[in-house]
Amino acid sequence: TEQQVRTARAIVDAKIGHQIVVLQRFGRRTHREEVRTAVGQMRQYRMMLPDANGQAELMGLEGAAAKTYWPCYGSLFPEELKFEERSRQPPRDVANSALGFLYTVLQGECVTALHAVGLDPGIGVLHSTNDRNPSLAFDLMEEFRPLIVDRTVLQAARRRSLTAQHGRSADDKPGVLLTAAGRGTILTAY
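Note that the coordinates shown come from a computational prediction; the quantities given were computed from them, not determined experimentally.

Novice: Which parts of the structure should I look at to understand the packing of aromatic side chains?
Specialist: The relative placement of two aromatic rings is captured by the distance of their centres and the angle of their planes. The final tally for this structure, using the stated rule, is seven aromatic pairs. Residues Tyr69 and Tyr73 carry aromatic rings whose centres are separated by 5.4 Å and whose planes lie at 25 degrees to one another, so their mutual orientation is stacked. With Tyr69 and Tyr73 both in helix α3 (residues 55–75) and four residues apart, this pair spans about one turn of that helix. Using a relative accessible area of 0% as the deciding quantity, one classes Tyr73 as buried. Between Trp70 and Phe83, the ring centres sit 6.3 Å apart and the planes meet at 40 degrees, which makes this aromatic pair tilted. Here Trp70 is found in helix α3, whereas its partner Phe83 is found in the loop between α3 and α4 (94–116), with 13 residues between them in sequence.

The structure is reproduced here in structure tokens:
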């Protein structure tokens, strides 16, 4: 419905806006030109949102903004934790592992909040609705990811409370997992 599209559009707009805030806040003293370029591109994607009709177009703009955001965001980390792209399943570095870990925590909090007010976490407006995923929880957490999780991980890294030593190899799989100390550190920061 049109109301679902309007709601989904508002979610994507807020998320991109919050990503811009994170880049500007942490990149104002260093990486100024890189941040300015990324923010300019992301603002262009935001300006295209009113013309996006439907979930696929909105997710496409969100994805395009993310392709601009993640390399710039990753460059704001201390040298030992820098990354160029978001990686999941498996996370390729400590920063990506910390992001994934806290996204899971935030998702759990969103599912709990939705249940507490009597809403079905499986019925979303931006994310695909199916029996296995809490789509409404994904929708709810989308705009809070940058301000809560992304900011927390970057701040912990820049304060040197999250370090490369907080990562370990996955037992028999590729990727990097957080150590118990790393999970404790990032949960405390959260």
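And the narrative resumes.
Novice: Explain unusual backbone geometry here, please?
Specialist: Trans is the common state for peptide bonds, and a negative phi is the common state for residues other than glycine. Note that the residue after Gln89, namely Pro90, is joined by a cis bond; omega there is 5 degrees. Mapped onto the fold, Pro90 is located in the loop between α3 and α4. Phi angles above zero are rare outside glycine, and His31 is one such case at about 60 degrees. Checked against the element boundaries, His31 lands in the loop between α1 (2–27) and α2 (32–48).

Novice: Any chance you could explain the packing of α2 against α3 here in plain terms?
Specialist: Packed helix pairs are characterised by how far apart their axes lie and by the angle those axes make with each other. At their nearest, the axes of α2 and α3 sit 9 Å apart, and the two run at 165 degrees to each other. As summarised for this structure, α2 and α3 are arranged roughly antiparallel, according to the angle between their axes. Judged by the twist between their axes, the crossing of α2 over α3 is left-handed. On α3, the residues touching Glu34, Val35, Ala38, Gln41, Met42, Tyr45 and Met48 of α2 are Leu61, Ala64, Ala65, Thr68, Tyr69, Pro71, Cys72 and Ser75. Of the residues belonging to the contact of α2 with α3, the class tally is eleven nonpolar, three polar and one charged.

Criteria and thresholds
- Residues numbered from 1 in each chain as written.
- Predicted model: local features only at pLDDT ≥ 70, side-chain atom pairs only at ≥ 80, totals over all residues.
- Heavy atoms only, no water.
- Phe/Tyr/Trp six-rings, centres within 6.5 Å; stacked < 30°, edge-to-face > 60°.
- Helix = DSSP H or I, 4+ residues; strand = E, 2+ residues; numbered from the N terminus.
- Buried < 20%, exposed > 50% of the residue type's maximum accessible area, 1.4 Å probe, protein only.
- Axes fitted to C-alpha atoms, helices over the stretch in contact; angles between N-to-C directions.
- Parallel < 35°, antiparallel > 145°, perpendicular 65-115°, else oblique.
- Left-handed = near helix turned anticlockwise from the far one by under 90°.
- Contact = heavy atoms within 4.5 Å.
- Nonpolar A, V, L, I, M, F, W, Y, C, P; charged D, E, K, R; others polar.

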